[in-house]
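# Topology and contacts: notes
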Amino acid sequence: MNLDRFPRIDLCHAPTPLEFMPRLTQHLGGPQIWIKRDDCTGMALGGNKARKLEFLMGDALQQGADHVVTLGALQSNHVRQTAAAAARLGLACTVILEHRHPNPDPDYLHNGNVLLDSLLGADIVYRPGGTDMPAALTQVGEQLRAKGRRPYLIPSGGSNPVGTLGYVKAAQELLQQAQEKSLRLDHIVVASGSAGTHAGLVVGLAAQASTVPVQGFAVSQAAHLQHARVSTLALATAQTIGHLTPLAPEAIRVNADYLGAGYSIPTPAMVDAVQQVARLEGILLDPVYTGKAMAGLIDWVRRGHYRATENIVFIHTGGQAGLFGFCDTLSQSSPDHTPYMAPSRQEVL
Ligand SMILES: *Cc1c(COP(=O)(O)O)cnc(C)c1O
């Protein structure tokens, strides 16, 4: 499969490392757990969106765009990485942020990704929760066009078939790394949100005749809805690259048991997973995506889903900037660790 015919701009530090997690593996006493460090893609704190933006920005430049517009939740990592990519390429950038999470924590409103969006020079437009965000994107695009700009619109999470090519390419990279390490891949585990990462991996593996199953842990909606989202995008992406062998419905695996009350709403298992991986491996996960996906993986290992000889690769999709938007939640202790008594805000003030 050759992706060279699609315009692409180098934005990532790649290949990202594929590392063994010895202490988490030992602690859980189950399968061998590996981690693909897509938090290390490099651009403005890294993350999975950088891979999608290589193709999206390639397309934007080919179309002669001078302005990039995208959207997301307040603490969107996609928005932050898009602002960085636009800055790097000298394009103007407008981001539309939806305040959809009922979190009044001032850090959530102003710190983390929101701080970085403004540092990176993006023009920020705020919208209340429940706004029709795709319509808002179209509207901002029209306003810019009326002013003589040439805007390039990027949907939520960069998850259209163009952005998803980034993870078709990442699947090639992962298979090659595994081959170099003589590592047999038995399972891939990933957070599944706007679905480009999950769908791209599935299509990229299928296009290389790999049958390694990709388990998505849904972080924003019920499993049947997420299954439909991933399937639709996988089909469109497969058509884009000309891979016409149909994907079986079983090729898309989604579990939503670790989503909790909804997108970006913390769960105790997420907090525990973030703390365990930090304390056992010195690796920072994020509270919205990888923390919940890792909570799923940890629980599945405990429930005996995997054999000790199996190799699991967890895709670390990044998102650490979001940690700073969840200070209150994450400074709580987990039951099996010495409590950390964070001073209350009042005490500090
Ligand atoms: C966006 C994002 C995801 C989800 O990827 P999708 O392609 O949107 O499904 C996972 N982890 C992090 C940190 C993200 O920012």
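Everything quoted here is computed from the prediction, not taken from an experiment.

On to the environment of Ala199. Tracing the backbone shows Ala199 in helix α8 (residues 196–207). Judged by relative accessible area, Ala199 falls into the buried class, the value being 0%. Spatially, the C-alpha atoms of Ala199 and Ile252 are 8.1 Å apart, while their sequence positions differ by 53 residues. Filtering out sequence-adjacent residues up to four positions away, Ala199 remains in contact with Thr164, Val230, Leu233 and Ala234.

With that out of the way, let us pick up the sheet that holds strand β9 (residues 253–255). Through backbone hydrogen bonds, the strands of a sheet pair up, either in parallel or in antiparallel fashion. On the basis of which strands lie adjacent, the open sheet formed by six strands has the order β1-β2-β10-β7-β8-β9 and mixed pairing. Looking at which strands have only one partner, the edges of the open sheet turn out to be β1 (18–20) and β9. Strand-to-strand twist of the sheet, defined as the mean angle between neighbouring strand axes without regard to direction, takes the value 30 degrees. Sheet topology note: the strand β8 (residues 214–218)/β9 ladder contains three bridges and is parallel. Bridge pairing links Gly216 to Val254 in β9. Against the sheet, helix α9 (residues 223–241) engages β7 (187–192), β8 and β9, with an angle of about 150 degrees to β9.

Counting buried positions along β8 yields five of five residues, so the element is predominantly enclosed. Bridging between β7 and β8 involves five bridges; their strand directions are parallel. Within the sheet, the bridge partner assigned to Ala191 lies in β8 and is Phe217. Of the crossover connections in this fold, the one passing from β7 over α8 to the parallel β8 is right-handed. Following the backbone out of β8, through α9 and into the adjacent parallel β9, one traces a crossover that is right-handed.

With that settled, consider the sheet that holds strand β6 (residues 151–154). Taking strand neighbours across the sheet as the criterion, the four strands line up as β5-β4-β3-β6 in an open arrangement whose pairing is parallel. The outermost strands of the open sheet, each flanked by one partner alone, are β5 (123–128) and β6. For this sheet, the mean inter-axis angle between neighbouring strands, taken without regard to orientation, is 20 degrees. Pairing of strand β3 (residues 67–73) with strand β4 (residues 92–99) involves seven bridges; the strand directions are parallel. By the bridge assignment for β4, Thr70 is matched with Val95.

On domain assignment, one finds that the chain holds domain 1 (18–46 + 160–330) and domain 2 (49–158). Computed over C-alpha atoms, the centres of domain 1 and domain 2 are 24 Å apart. With 33 residues of domain 1 in contact, the opposing surface of domain 2 contributes 30 residues. Where domain 1 abuts domain 2, roughly 2500 Å² becomes buried across the two surfaces, and 59% of that area is made up of carbon and sulfur atoms. Between domain 1 and domain 2 we count two salt bridges in total. A salt bridge links Arg51 to Asp38; the shortest N-O distance between them is 2.8 Å. On the surface where domain 1 and domain 2 come into contact, there are six residue pairs in polar contact (both at pLDDT 80 or more).

Residues in contact with the ligand amount to 16 residues; listed here are only the nearest, Lys49, Lys52, Ser194, Thr197 and Thr317. Take Ser194: an N or O atom from its side chain is 2.5 Å from an oxygen atom of the ligand. Side-chain polar atom of Thr317 to a nitrogen atom of the ligand: 2.6 Å apart, as the coordinates give it. Those elements that provide at least two residues to the shell around the ligand are α2 (49–62) and α8. When the residues that make up the shell around the ligand are grouped by side-chain class, the tally is two nonpolar, 11 polar and three charged. Both domains that furnish three or more residues to the shell around the ligand are identified here as domain 1 (18–46 + 160–330) and domain 2 (49–158).

Each value, and the rule that gives it
Residues numbered from 1 in each chain as written. Predicted model: local features only at pLDDT ≥ 70, side-chain atom pairs only at ≥ 80, totals over all residues. Heavy atoms only, no water. Helix = DSSP H or I, 4+ residues; strand = E, 2+ residues; numbered from the N terminus. Buried < 20%, exposed > 50% of the residue type's maximum accessible area, 1.4 Å probe, protein only. Contact = heavy atoms within 4.5 Å. Pairing = 2+ DSSP bridges. Axes fitted to C-alpha atoms, helices over the stretch in contact; angles between N-to-C directions. Right-handed = clockwise from strand over helix to strand, strands pointing away. Domains from an automatic or database assignment. Buried area = accessible area lost by both parts, 1.4 Å probe. Salt bridge = Lys/Arg side-chain N within 4 Å of Asp/Glu carboxyl O. Polar contact = N/O pair within 3.5 Å; in protein donor to acceptor, adjacent residues only side chain to side chain. Near = heavy atom within 4 Å. Nonpolar A, V, L, I, M, F, W, Y, C, P; charged D, E, K, R; others polar.

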